[in-house]
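For reference, the chains in residue letters:
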Amino acid sequence: MNMKIMKFLAAICLLGLVCTGPLLAKDIYVTGITKITMRTGPGVDHKIVAMLTSGSKLETIEYQKDWSHVKTQDNKTGWVLSRFLTEKVPQTLLVKQLQAENQRLVAVLEQTEEKKRALAEKNEFLGDIEEKYKKLEQASADFLKLSDSYKTLARESQDQKDQILTLEKNMNNEEKLWFLSGAGVFIVGLIIGLSTRKKKRSSLL
């Protein structure tokens, strides 16, 4: 009879270990809307070591039907009533997490908008530089055209000057030739006139 009782108790203990095993070292949360006590042992006669609010995140060290041994996020350990624990994330904590995520996304959006404005200003600045570069490029092209035109006109002007000098030289030579020709004609006429007079005088003698 004693053997049957011992086997029965062993089966209960084994079943308890099987049932409580999966809950060990899991994240659990304080449920409800009130504060609960965390004590030094599994019972109300043990000393209170902390007050836990709803939504507090805990880690299970040992789970039992009435009391569970847990550890807080600041590494405090103690015992709390198991009926105030749940594996589901409390709605209040979810709301806080969503609010924090929303604030993070808002900050990211503001940073993105700031970067967008900075890029827009940079693009506008680059657009101004590009426009100035195009104007400078056009002015340079016009300057090169004017320079080529100036060089062409300078060559034409020099050619004309050379032609004028050549004409002036030719004209001077022609004037000298005409002067010499006129002088020659005058001298020849003078000689002929003198010889004619001499002939007339000799005939009179």
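One can find the structure itself at the top, above this paragraph.
Read on for an overview of the structure. Predicted model only: the values in this text are computed from it and were never measured.

If you tally the helices and strands in the protein chain, you get two helices and seven strands. Sequence-ordered secondary structure for the protein chain, helices as α and strands as β, is α-β-β-β-β-β-β-β-α. Per-residue burial over the protein chain gives 14% buried out of 205 residues. Within the protein chain, residue pairs in contact and separated by at least 24 positions form 49% of the contacts whose partners lie at least 6 positions apart.

What follows is about the environment of Ile-36. Position of Ile-36 relative to the elements: it lies in strand E2 (residues 36-39). Ile-36 gets classed as buried once you look at its relative accessible area, which sits at 5%. Linking Ile-36 and Val-80, residues 44 residues apart in sequence, is a C-alpha distance of 7.6 Å. Ile-36 has contacts with Val-30, Ala-50, Met-51, Leu-52, Val-80 and Phe-84, leaving out every residue within four places of it along the chain.

The full count for this structure, using the stated rule, is three salt bridges. Across the salt bridge formed by Arg-104 and Glu-101, the nearest N and O atoms sit 2.6 Å from each other. Here the residue Arg-104 and the residue Glu-101 both occupy positions in helix H2 (residues 91-204), the gap between them amounting to three residues, near one helical turn. In this structure, Glu-130 engages Lys-134 in a salt bridge whose closest nitrogen and oxygen atoms are separated by 3.9 Å. Here Glu-130 pairs with Lys-134, and both are found in helix H2, just four residues apart, close to one helical turn.

Within the secondary structure, Glu-87 sits in the loop between strand E7 (85-86) and H2. Here the alpha-carbon distance between Glu-87 and Thr-31, two residues 56 residues apart in the chain, equals 9.2 Å.

Let's shift gears to a negative patch on the surface. Taken together, the side chains of Glu-121, Glu-124, Asp-128 and Glu-131 define an acidic patch exposed on the protein surface. Looking at the element boundaries, Glu-121 is found in helix H2.

Reading guide: rules and limits
- Residues numbered from 1 in each chain as written.
- Predicted model: local features only at pLDDT ≥ 70, side-chain atom pairs only at ≥ 80, totals over all residues.
- Heavy atoms only, no water.
- Helix = DSSP H or I, 4+ residues; strand = E, 2+ residues; numbered from the N terminus.
- Buried < 20%, exposed > 50% of the residue type's maximum accessible area, 1.4 Å probe, protein only.
- Contact = heavy atoms within 4.5 Å.
- Salt bridge = Lys/Arg side-chain N within 4 Å of Asp/Glu carboxyl O.
- Patch = residues over 30% accessible without salt bridge, like charges linked within 9 Å, V, L, I, M, F, W, Y side chains within 5 Å.
- Areas by Shrake-Rupley, 256 points an atom, 1.4 Å probe, with all protein chains shown as cover.
- Lys, Arg positive; Asp, Glu negative; His and termini not counted.
- Charge placed at Lys NZ, Arg CZ, Asp CG, Glu CD.

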